[in-house]
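# Fold and geometry: a report
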Amino acid sequence: MDNLVYILNGPNLNLLGRREPETYGALKLGDIERRCRALAGQLGLNIDFRQKNGEGELVEDIHEAIIADAGGIIINAAAYTHTSIAIHDALRAFEGVIIEVHLSNVHAREEFRHRSLIAPVAEGVIAGLGAEGYELALRAMASRLIEQVEV
Ligand code: DQA
């Protein structure tokens, strides 16, 4: 299904709003999901929005996206971005469009956040623009997955 996009969120992102708001913003993950749903509706995309704290659970979500033949995956793998070969490998098996998103500018933070194991398998990376990054990723998805879409 070309217009199906999985939006996958990794560990601790369920705490958004109360977790380091000076770094990650005041919005809760549910607020980001609502904004994504509203925009996806306008763009003609169907989204499946998820958050998992476990690495294996995220790998299983990627498998589901593969089996569902989704057109795209937008992924904020949170801390697993910097460590997970398993998530890297699972994403390699996905044939659709992959966009990596981070709320914070990981490159302006600690050195251990500068390396991403997702970036080598992603078409693009958006970091540092807060919740807006998810919306920009959705617009980029729409222009890749749907013909003639105005973004
Ligand atoms: C994050 C950045 C990661 O380094 C961090 O571990 C997170 C969130 C972000 O969205 O800015 O949990 O992915």
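Our subject is the structure that appears above.
Residues numbered from 1 in each chain as written. Predicted model: local features only at pLDDT ≥ 70, side-chain atom pairs only at ≥ 80, totals over all residues. Heavy atoms only, no water.

The full set of residues close to the ligand is Arg19, Tyr24, Asn76, Ala78, Ala79, His82, His102, Leu103, Ser104, Val106 and Arg113. One of the side-chain nitrogen or oxygen atoms of Arg19 is found 3.0 Å away from an oxygen atom of the ligand. One nitrogen or oxygen atom from the side chain of His102 is found 2.8 Å from an oxygen atom belonging to the ligand. Here the ligand loses 98% of its free accessible area of 320 Å² to cover by the protein chains. Judged by the proximity of its atoms to the pocket grid, the ligand belongs to the largest pocket. Residue classes in the shell around the ligand are distributed as 5 nonpolar, 4 polar and 2 charged. (Near = heavy atom within 4 Å. Polar contact = N/O pair within 3.5 Å; in protein donor to acceptor, adjacent residues only side chain to side chain. Areas by Shrake-Rupley, 256 points an atom, 1.4 Å probe, with all protein chains shown as cover. 1 Å grid on protein atoms, 1.4 Å probe; cavity = no way out; pocket = protein on both sides within 12 Å on 5 of 7 lines; lining within 4 Å. Sits in = over half its atoms within 2 Å of the grid points. Nonpolar A, V, L, I, M, F, W, Y, C, P; charged D, E, K, R; others polar.)

In this section: the packing of helix α2 (residues 29–43) against helix α5 (residues 132–145). As a packed pair, α2 and α5 sit with axes 10 Å apart at the nearest point and diverge in direction by 25 degrees. It follows from the interaxial angle that α2 and α5 lie roughly parallel. As for how α2 packs across α5, the hand of that crossing is right-handed. Contacts between α2 and α5 involve Ile32, Arg35, Cys36, Leu39, Ala40 and Leu43 from the first element and Glu132, Tyr134, Glu135, Leu138, Arg139 and Ala142 from the second. Split into classes, the residues belonging to the contact of α2 with α5 amount to 8 nonpolar, no polar and 4 charged. (Axes fitted to C-alpha atoms, helices over the stretch in contact; angles between N-to-C directions. Helix = DSSP H or I, 4+ residues; strand = E, 2+ residues; numbered from the N terminus. Parallel < 35°, antiparallel > 145°, perpendicular 65-115°, else oblique. Left-handed = near helix turned anticlockwise from the far one by under 90°. Contact = heavy atoms within 4.5 Å.)

Looking now at the pattern of salt bridges. Proximity of charged atoms lets side chains of opposite charge pair with each other. Here the structure, examined in full by the defined rule, presents 10 salt bridges. Across the pair Glu64 and Arg50 runs a salt bridge, and its minimum N-O distance is 2.9 Å. Residue Glu64 is located in helix α3 (residues 55–67), and its partner Arg50 is located in strand β2 (residues 46–51); the two are separated by 14 residues in the primary sequence. The buried category is assigned to Arg50, whose relative accessible area is 15%. Between Asp61 and Lys52 there is a salt bridge, with its nearest N and O atoms 3.0 Å apart. (Salt bridge = Lys/Arg side-chain N within 4 Å of Asp/Glu carboxyl O. Buried < 20%, exposed > 50% of the residue type's maximum accessible area, 1.4 Å probe, protein only.)

Grouped together as the largest cluster of nonpolar side chains are 28 residues, with contacts concentrated most on Ile7, Ile32, Leu45, Ile74 and Leu138. Listed by contribution, the elements that provide at least two residues to this core are β1 (4–9), α2, β2, β4 (97–102) and α5. In contact with Leu138, other than residues within four places in its own chain, are Ile7, Cys36, Leu39, Ala40, Leu43, Leu45, Ile47 and Ile74. Leu4, Ile73, Ala90 and Val121 belong to the second-largest nonpolar core, a separate cluster that totals 20 residues. (Core = buried A, V, L, I, M, F, W, Y, C linked by side-chain atoms within 4.5 Å.)

Take α3 next. An ideal rise of 1.5 Å per residue puts 18 Å on 13 residues; α3 measures up with 19 Å between its terminal C-alpha atoms. Taken together, the buried positions of α3 are Leu58, Val59, Asp61, Ile62 and Ala65. Buried residues in α3, looked at end-on, bunch into an arc of 155 degrees, giving them a common side. Away from its buried face, by an angle of more than 90 degrees, α3 presents the exposed residues Glu60 and Ile67. Against the buried residues of α3 lie β1, β2, β3 (72–76) and α4 (85–92). Of the residues one or two after α3, Asp69 is the one with positive phi, at around 60 degrees. (Expected span 1.5 Å × (residues − 1). Arc of directions from axis to C-beta.)

Here we take up α4. The set of residues buried in α4 consists of Ile87, His88, Ala90 and Leu91. All buried residues of α4 project into a common sector of 165 degrees when viewed along the axis, lining one side. Along α4, exposed side chains directed more than 90 degrees from the buried face belong to Ile85 and Arg92. Residue Ser84 occupies the N-cap position of α4, its side-chain oxygen lying 3.4 Å from the main-chain nitrogen of Ala86.

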